[in-house]
Amino acid sequence: MNSILDRETTPSYEIYIVAVDMGTPPLTSSTTLSISIEDVNDNMPVFIQLPYSASLAEDVSIGTPVLTVSADDIDSGANMEVSYRVFSNSEGKFEVDLVSGLIQTTSSLDREQTDFYNLVIVAFDSGSPFMSSTATVSIAILDVNDNIPIFSQSLYTEDVDENDSGSVVLTLEASDLDLNLNSVLIFQYQDPIEGSGLPFTIDNN
């Protein structure tokens, strides 16, 4: 051979050979040489449709599908059979199907604890030795209204002079761990009808 072979470029060759004697007149015969190039595991799996990203509400049930990763290997036979596994950063919340590449949840999510995951998925072939590649899957966790407002104190007390009118008695403080409208608080009497008879008003905001 005077050059490097590459089965993925040219998997086989048909060579026509002629033998010629030195007689007069010269006589010839011919034959055909068929050469098939056997595969070696020299190509790693390549992920398609990059980048991978998804979003999930934090209250999805365990076993919820996220997305499916896919990788191709241009080798042949066992060298092209691709499997998948989670390499890192799942924190036990996600798994990937070994054969299909489907990623799904394996545990409950909580946006207030972790609002974003960057999973590293590895695709590996069945060659010996195997070859592999990795892809990152970005998963954003979306907020749902699953946290109650929390007052800064469980009990507020204040003294007010009996002739006082129009002054601020005290300011209540409360917070909510959720996001956006889920964290916007409005203050009101628990029983508006009962509260209407009180000598106090409350700023809703």
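In this text, all values refer to a predicted model and were calculated from it rather than measured experimentally.

Conventions and cut-offs
Residues numbered from 1 in each chain as written. Predicted model: local features only at pLDDT ≥ 70, side-chain atom pairs only at ≥ 80, totals over all residues. Heavy atoms only, no water. Salt bridge = Lys/Arg side-chain N within 4 Å of Asp/Glu carboxyl O. Buried < 20%, exposed > 50% of the residue type's maximum accessible area, 1.4 Å probe, protein only. Helix = DSSP H or I, 4+ residues; strand = E, 2+ residues; numbered from the N terminus. Pairing = 2+ DSSP bridges. Axes fitted to C-alpha atoms, helices over the stretch in contact; angles between N-to-C directions. Patch = residues over 30% accessible without salt bridge, like charges linked within 9 Å, V, L, I, M, F, W, Y side chains within 5 Å. Areas by Shrake-Rupley, 256 points an atom, 1.4 Å probe, with all protein chains shown as cover. Lys, Arg positive; Asp, Glu negative; His and termini not counted. Charge placed at Lys NZ, Arg CZ, Asp CG, Glu CD.

Asks: Help me understand the pattern of salt bridges in this model?
Replies: Pairing between side chains becomes possible if they bear opposite charge and their charged atoms approach one another. Under the counting rule described, the total for this entry stands at three salt bridges. With its nearest N and O atoms 2.9 Å apart, the salt bridge here joins Glu 112 to Arg 111. Using a relative accessible area of 23% as the deciding quantity, one classes Glu 112 as partly exposed. Residue Asp 143 is joined to Arg 111 by a salt bridge in which the shortest nitrogen-to-oxygen separation is 3.1 Å. Here the residue Asp 143 occupies a position in the loop between β11 (132-142) and β12 (150-151), and Arg 111 occupies one in the loop between β9 (102-105) and β10 (116-125), the gap between them amounting to 32 residues. Owing to a relative accessible area of 9%, Arg 111 belongs among the buried residues under this scheme. When salt bridges that share partners are traced, they join Arg 111, Glu 112 and Asp 143 into one network.

Asks: How should the sheet that holds strand β5 (residues 65-68) be read in this particular structure?
Replies: Strand pairing within a sheet occurs via backbone hydrogen bonds; the two strands may be parallel or antiparallel. Read across the sheet, three strands follow the order β5-β9-β8 without closing on themselves; strand pairing throughout is antiparallel. The open sheet terminates on both sides in strands that have one partner only, identified here as β5 and β8 (94-96). Direction aside, the axes of adjacent strands within the sheet are offset by 20° on average. As defined by bridge partners, β8 adjoins β9 across three bridges and the pair is classed as antiparallel. Residue pairing for β9: Phe 94 is matched across the bridge by Thr 105.

Asks: Got a minute to help me understand a negative patch on the surface in this structure?
Replies: On the surface, a cluster of negative charge is contributed by Glu 158, Asp 159, Asp 161, Glu 162 and Asp 164. Here Asp 164 lies in the loop between β12 and β13 (174-175).

Asks: What exactly am I supposed to notice about the sheet that holds β10 here?
Replies: Within the open sheet, the four strands sit side by side as β4-β11-β10-β7. Their pairing is mixed. The open sheet has two edge strands, β4 (52-57) and β7 (82-88), and neither has a second partner. Taken pair by pair, the neighbouring strands of this sheet meet at an average axis angle of 30°, ignoring direction. The pairing of β7 with β10 spans six bridges and is classified as antiparallel. Bridged to Ser 83 within β10 is Phe 124.

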